[in-house]
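# Coordinate analysis (summary)
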Amino acid sequence: MWTENAVFREDLEKLADLRCIPWDALTDKRVFVTGGTGLIGYTLVSALCCYAKTRNVSIPVLVLARDVKKAQEKYAGQIADGAALTFVQGTVEALPEIEGDVDYIIHCAAPTGSAFFAERPVETITAVVQGTKNVLELAREKQVLGVSYLSSMEVYGEVTGETARGERDLGYVELYAARSSYPAGKRLAENLCCAYGSEYGVPVTTVRLAQTFGPGVEWEDGRVFAYAARCALLGEDIRLKTSGAKKNMYLYTADAVSAILLTLVRGERNTAYNAGNPDTYCSVKEMVSVAARELGNGTVSVLTNTDREGAAFYRPEGCLKLDVQRLEALGWRPETALSEMFRRMQAGFQRKTGGREAT
């Protein structure tokens, strides 16, 4: 998915035109990206490539990939258009040697599935904490101008009450729950960023993202927003495994990318910024109902489950409204409503059916 997808192309062109993104500071700078084949990483790298192409400037991008061949296939369109993309094979847990100068680092790589957090907590902690430490060591070695660490709303843990949470208003994380490997790991990774900034002067800024989606989400993605969209498109009822009462905020991928690039250059170092769209704050049941309404055929129902079967796989019940005033003070604004997020995600869906691609 590159400029051949009209919706994705429109997102990239809007990002290239956004005044809040300090494109001049990124021009002629080499950017190292982990997690570049994931949803946010791919959109971010594509935005850098699009800006460089349309403005005829240089922004060399180095992408860390577990499988370079697959990464090259994913970025085939960008490569064909002459993007200054280089791939290095490896993982953040065992980071390979990175040759040459690096000016900026964007650390996107992390596990993303609730089932994985609960079933493989050791691997989750290792990827989040050891991976972040390795990236920070690289930043220290290369004396970079800035690091953006992608954290998560999950660091807030269990929250009750609907007051918007500022960056210092953390809730409770149950340490004796395997799924806490992710929120507890993210908290420790943030503290590592603080430690490297304090002790070694590494210029790190953290972005705590609300749940993010848009074009580029795979048809088979197991997260609830993708599941709800699949059901709606297939005309099937959406069957939640929880009560659906938990409340969250959401964020469109392009809006997340603008927040990341802005704070990478202009954000205060050694601190965190919440990134979410306040207008999307709603219960999980309300969120999937938007998918049913926007993408369904009018017959899709939302069914909930109140017996908490499999509760260990999911974030605790509660409310999580993020206060995004610190980020907005830098000139950032989210632009995409929840209903539009679903429609634009649909435009990027691709799945194999009988040898053909269906959208």
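Preceding this paragraph is the structure being described.
Residues numbered from 1 in each chain as written. Predicted model: local features only at pLDDT ≥ 70, side-chain atom pairs only at ≥ 80, totals over all residues. Heavy atoms only, no water.

Now for the overall build of the protein. Each helix and strand counted, the protein has 13 helices and 14 strands in total. The globule rule puts the C-alpha radius of gyration for 359 residues at 21 Å, and the 20 Å found for the protein is close to it. Intrachain contacts of the protein at a sequence separation of at least 6 include 83% that bridge at least 24 residues. A total of about 15800 Å² of accessible surface is found on the protein, and carbon and sulfur atoms cover 46% of it. Charge separation in the protein, taken as the distance between the mean sites of 41 positive and 45 negative side-chain charges, equals 1 Å. (Helix = DSSP H or I, 4+ residues; strand = E, 2+ residues; numbered from the N terminus. Rg over C-alpha atoms; globule rule 2.2 N^0.38 Å. Contact = heavy atoms within 4.5 Å. Areas by Shrake-Rupley, 256 points an atom, 1.4 Å probe, with all protein chains shown as cover. Lys, Arg positive; Asp, Glu negative; His and termini not counted. Charge placed at Lys NZ, Arg CZ, Asp CG, Glu CD.)

Next up on the list: the layout of surface pockets. The space that makes up the second largest pocket amounts to roughly 450 Å³. If you go around the second largest pocket, you meet 17 residues; those closest to its centre are Arg-168, Glu-190, Arg-208, Thr-271 and Ala-272. Secondary structure elements with two or more residues in the lining of the second largest pocket: helix 8 (181-200), strand 6 (204-209) and strand 10 (271-275). With five residues, helix 8 is the single largest residue contributor to the lining of the second largest pocket. In terms of residue class, the lining of the second largest pocket is built from six nonpolar, five polar and six charged. (1 Å grid on protein atoms, 1.4 Å probe; cavity = no way out; pocket = protein on both sides within 12 Å on 5 of 7 lines; lining within 4 Å. Points joined across faces, edges and corners; volume = space filled by probe spheres on them. Nonpolar A, V, L, I, M, F, W, Y, C, P; charged D, E, K, R; others polar.)

In spatial order, the strands read 7-9-11; together these three strands make up an open sheet with mixed pairing. Since the sheet does not close on itself, it has two edges, and those belong to strand 7 (211-213) and strand 11 (277-283), each with one partner. Within this sheet the neighbouring strands show an average axis-to-axis angle of 40°, counted without direction. Sheet analysis places strand 7 next to strand 9 (residues 247-252), joined by three bridges and oriented parallel. (Pairing = 2+ DSSP bridges. Axes fitted to C-alpha atoms, helices over the stretch in contact; angles between N-to-C directions.)

Let us now look at the sheet that holds strand 3 (residues 85-89). Read from one edge of the open sheet, seven strands run 3-2-1-4-5-6-10, paired in parallel fashion. Taken across any chain shown, the strands that pair with only one partner, and hence form the sheet edges, are strand 3 and strand 10. Across the sheet, the mean angle from the axis of one strand to that of its neighbour is 20°, orientation sign disregarded. Bridge count for strand 1 (residues 31-34) against strand 2 (residues 61-65) is three bridges, and the pairing is parallel. Across the sheet, Phe-32 pairs through a bridge with Leu-62, a residue of strand 2.

Under the criterion given, the structure shown has ten aromatic pairs. On the numbers, 4.2 Å between centres and 5° between planes, the contact of Trp-23 with Tyr-51 is stacked. On the criterion of sequence distance, the pair formed by Trp-23 in helix 2 (residues 23-26) and Tyr-51 in helix 3 (residues 39-55) is long-range, its members being 28 residues apart. Judged by its relative accessible area of 4%, Trp-23 falls in the buried class. When the ring of Tyr-42 is compared with that of Tyr-75, the centres are 4.8 Å apart and the planes differ by 45°; the resulting orientation is tilted. Taken as a pair, Tyr-42 in helix 3 and Tyr-75 in the loop between helix 4 (68-74) and helix 5 (76-80) lie far apart in primary sequence, 33 residues in all. The class of Tyr-75 is buried, set by a relative accessible area of 0%. Cluster of aromatic residues (ring-pair linked, three or more members): Phe-8, Tyr-42, Tyr-75 and Phe-87. Its end group placed over the ring of Tyr-42, Lys-74 keeps NZ or CZ at 4.9 Å from the ring centre. In this arrangement the basic side chain of Arg-140 is found over the ring face of Tyr-200, its NZ or CZ atom lying 3.6 Å from the centre. (Phe/Tyr/Trp six-rings, centres within 6.5 Å; stacked < 30°, edge-to-face > 60°. Buried < 20%, exposed > 50% of the residue type's maximum accessible area, 1.4 Å probe, protein only. Lys NZ or Arg CZ within 6 Å of the ring centre and 35° of its normal.)

Tracing the chain through its elements places Asn-134 in helix 7 (residues 121-142). A distance of 3.2 Å separates the side chain of Asn-134 from the backbone oxygen of Glu-93, its partner in a polar contact. Every residue in contact with Asn-134, bar those within four places of it in the chain, is listed here: Val-92, Glu-93, Ala-94 and Leu-95. (Polar contact = N/O pair within 3.5 Å; in protein donor to acceptor, adjacent residues only side chain to side chain.)

Taking 1.5 Å per residue, 17 residues should reach 24 Å; helix 3 reaches 24 Å between its end C-alpha atoms and fits that length. Looking one or two places after helix 3, you find Asn-56, whose phi comes out positive at around 55°. (Expected span 1.5 Å × (residues − 1).)

With that out of the way, let us pick up the environment of Gln-346. Relative to the elements of secondary structure, Gln-346 occurs in helix 13 (residues 338-348). Residues Gln-346 and Ala-229, 117 residues apart in the sequence, show an inter-C-alpha distance of 7.6 Å. Sequence-distant contacts of Gln-346, defined by excluding residues within four places in its chain, comprise Leu-233 and Leu-295.

Another point: the pattern of salt bridges. Per the stated rule, a full pass over the model turns up 19 salt bridges. Note that Arg-66 is salt-bridged to Glu-93, the shortest N-O span being 3.4 Å. Of this pair, Arg-66 sits in the loop between strand 2 and helix 4 while Glu-93 is found in the loop between strand 3 and strand 4 (104-107), placing the two residues 27 residues apart along the sequence. The exposure class assigned to Arg-66 is exposed, which follows from its relative accessible area of 62%. Connected through salt bridges with shared partners, the residues Glu-10, Asp-11, Arg-293, Glu-294, Glu-340, Arg-343 and Arg-344 form a single ionic network. (Salt bridge = Lys/Arg side-chain N within 4 Å of Asp/Glu carboxyl O.)

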